[in-house]
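Chains, contacts and geometry: an overview
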Amino acid sequence: MQIAKVRGTVVSTQKEPALRGVKLLLLQLVDENGNILPEYEVAADIVGAGVDEWVLITRGSAARQIVGNEQRPLDAAVVAIIDTIYVEDRLIYSKKDQYR
């Protein structure tokens, strides 16, 4: 899994029929120190994440093992919205602190 920050949405009116109704998010990857990386990825939103939230994404066959996604052509899926991240007893991210 990888940590990412939601930067926006991707809208496509013409797509594979199996992707109808799937919300697509534009994500910017984050490293273990909380630094925003210059890498972006598009992923299916399974959990209802919003812009500026930090999320966990899974890729490859793991993205297709989510119930309902088995037949969808997905390479990445948002599987969790992050509340906090601690690394070696140091707070890297807190959702609560971000929205004050």
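Up top is the structure these notes are about.
Report on the accompanying structure. Keep in mind that this is a model prediction, so the values were computed, not measured.

What to know about the overall build of the protein chain
- For the protein chain, the helix and strand inventory stands at two helices and seven strands.
- In the protein chain, which comprises 100 residues, the share counted as buried stands at 38%.
- Split by element, the accessible area of the protein chain, about 6,100 Å² in all, is 48% carbon and sulfur.

Observations concerning the pairing of strand 7 (residues 90-94)
- With four bridges connecting them, strand 6 (residues 84-87) and strand 7 associate as antiparallel partners. Within the sheet, the bridge partner assigned to Val87 lies in strand 7 and is Arg90.

Overview of the pairing of strand 2 (residues 24-30)
- Most of strand 2 sits out of view: six of its seven residues are buried.
- Where strand 1 (residues 2-10) meets strand 2, seven bridges bridge the pair, whose relative direction is antiparallel. Note that in strand 2 the partner of Ile3 across the bridge is Val30.
- Sheet analysis places strand 2 next to strand 3 (residues 36-45), joined by six bridges and oriented antiparallel.

Describing the sheet that holds strand 3
- The strand order around the closed barrel formed by five strands is 1-2-3-5-4, and the pairing between neighbours is mixed. Across the sheet, the axes of successive neighbouring strands diverge by a mean angle of 55°, strand direction being ignored.

Regarding the packing of aromatic side chains
- Applying the stated criterion across every chain yields a total of one aromatic pair.
- Ring geometry for Trp54 against Tyr93: centres 4.2 Å apart, planes inclined by 5°, an arrangement best described as stacked. Placement of the pair is Trp54 in strand 4 (residues 54-59) and Tyr93 in strand 7, with a sequence separation of 39 residues. Note on accessibility: Trp54 and Tyr93 belong to one class, buried.

Focus: the side chain of Ser94
- Along the chain, Ser94 falls in strand 7.
- Classification of Ser94 as buried rests on a relative accessible area of 10%.
- If sequence neighbours within four positions are ignored, Ser94 has contacts with Asp83 and Thr84.

Topic: the environment of Ala18
- Among the structural elements, Ala18 can be located in the loop between strand 1 and strand 2.
- Each C-alpha atom, one on Ala18 and one on Leu74, is 9.8 Å from the other, the two residues being 56 residues apart in sequence.

Things to note about the nonpolar core
- In this structure, Ala4, Val6, Leu25, Leu27, Leu29, Ala43, Ala49, Val55, Ile57, Ala76 and Val78 together form the largest nonpolar core, which totals eleven residues.
- At the level of elements, strand 1, strand 2, strand 4 and strand 5 (76-81) are the ones that each hand at least two residues to this core.
- Broken down by element, the residue count for this core peaks at three residues, all from strand 2.
- The next biggest cluster of nonpolar side chains, apart from the first, holds seven residues, and it includes Val30, Trp54, Ile92 and Tyr93.

What counts, and where the lines are drawn
- Residues numbered from 1 in each chain as written.
- Predicted model: local features only at pLDDT ≥ 70, side-chain atom pairs only at ≥ 80, totals over all residues.
- Heavy atoms only, no water.
- Helix = DSSP H or I, 4+ residues; strand = E, 2+ residues; numbered from the N terminus.
- Buried < 20%, exposed > 50% of the residue type's maximum accessible area, 1.4 Å probe, protein only.
- Areas by Shrake-Rupley, 256 points an atom, 1.4 Å probe, with all protein chains shown as cover.
- Pairing = 2+ DSSP bridges.
- Axes fitted to C-alpha atoms, helices over the stretch in contact; angles between N-to-C directions.
- Phe/Tyr/Trp six-rings, centres within 6.5 Å; stacked < 30°, edge-to-face > 60°.
- Contact = heavy atoms within 4.5 Å.
- Core = buried A, V, L, I, M, F, W, Y, C linked by side-chain atoms within 4.5 Å.

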